[in-house]
Amino acid sequence: MVQLVILWGNRGMMLPLSQAQTHFRDGDYETARESLENLPVNDQPSVDALTLLANTYRHLGLLEQSYQAVSQALELKPDYHYVLYGMGR
């Protein structure tokens, strides 16, 4: 019951990456791009965020930016299936 209360109470709180994923799934690529480009930059960018950004760029027809983002993700984690699939696309 406690888990249900916690989940219900936090249902509106989403991480920026999760919000970008939702926009991407909904086909709102421009909003997804804005969300991903404005993610807080820490010491090292998230591989998942970079790959999603690359996929978003590809859907928007920005192929050079897509290649740059997925290449950066590959440098961080060269054997990650999500990145490899993104590069293949």
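Residues numbered from 1 in each chain as written. Predicted model: local features only at pLDDT ≥ 70, side-chain atom pairs only at ≥ 80, totals over all residues. Heavy atoms only, no water.

## Some details on the overall build of the protein chain
On a plain count of helices and strands, the protein chain comes out with six helices and zero strands. Along the protein chain, from the amino end to the carboxyl end, the secondary structure elements read α-α-α-α-α-α. Within the protein chain, the fraction of its 89 residues that count as buried is 27%. Taking the intrachain contacts of the protein chain between residues at least 6 apart in sequence as the baseline, contacts between residues at least 24 apart amount to 45%. (Helix = DSSP H or I, 4+ residues; strand = E, 2+ residues; numbered from the N terminus. Buried < 20%, exposed > 50% of the residue type's maximum accessible area, 1.4 Å probe, protein only. Contact = heavy atoms within 4.5 Å.)

## Focus on the nonpolar core
With 18 residues, the main nonpolar core has Leu36, Val47, Leu52, Ala73 and Val83 as its most contacted residues. Counting residues per element, this core draws most heavily on helix 4 (residues 47-59), which supplies seven residues. With near-sequence residues (within four places) excluded, alanine 73 lies in contact with Val47, Leu50, Thr51 and Val83. (Core = buried A, V, L, I, M, F, W, Y, C linked by side-chain atoms within 4.5 Å.)

## A closer look at the side chain of threonine 56
Among the structural elements, threonine 56 can be located in helix 4. Residue threonine 56 is classed as buried on the basis of its relative accessible area, which comes to 0%. Other than its neighbours up to four places away in sequence, threonine 56 contacts Phe24, Tyr29, Ala32, Arg33 and Leu36.

## What about the packing of aromatic side chains?
Enumeration according to the criterion identifies two aromatic pairs in this entry. Relative to tyrosine 29, the ring of phenylalanine 24 has its centre 5.3 Å away and its plane inclined at 65°; by these criteria the two rings are edge-to-face. We classify tyrosine 29 as partly exposed; its relative accessible area is 22%. Note on tyrosine 80 and tyrosine 82: the rings are 6.2 Å apart at their centroids and 70° apart in plane angle, and the pair reads as edge-to-face. (Phe/Tyr/Trp six-rings, centres within 6.5 Å; stacked < 30°, edge-to-face > 60°.)

## Overview of the packing of helix 4 against helix 5 (residues 63-76)
Between two packed helices, the angle of one axis relative to the other and the distance separating the axes together describe the packing. Contact geometry of helix 4 with helix 5 gives a least axis separation of 8 Å together with a crossing angle of 160°. As the angle between them shows, helix 4 and helix 5 are arranged roughly antiparallel. As for the relative orientation of helix 4 and helix 5, their crossing is left-handed in sense. Packed against helix 4, whose contacting residues are Val47, Leu50, Thr51, Ala54, Tyr57 and Arg58, the element helix 5 presents Leu63, Gln65, Ser66, Ala69, Val70, Gln72, Ala73 and Leu76 at the interface. Residue composition of the contact of helix 4 with helix 5, grouped by class: nine nonpolar, four polar and one charged. (Axes fitted to C-alpha atoms, helices over the stretch in contact; angles between N-to-C directions. Parallel < 35°, antiparallel > 145°, perpendicular 65-115°, else oblique. Left-handed = near helix turned anticlockwise from the far one by under 90°. Nonpolar A, V, L, I, M, F, W, Y, C, P; charged D, E, K, R; others polar.)

## Points about the confidence of the model for the protein chain
Overall, the prediction assigns the protein chain a mean pLDDT of 84, with 79% of residues at 70 or greater. Mean pLDDT values for the elements of the protein chain range from 61 in helix 1 (residues 2-9) up to 94 in helix 4. (pLDDT = per-residue confidence, 0-100.)

## Quick notes on the environment of glutamine 65
Summarising the element assignment, glutamine 65 is placed in helix 5. Residues glutamine 65 and alanine 54, 11 residues apart in the sequence, show an inter-C-alpha distance of 7.0 Å.

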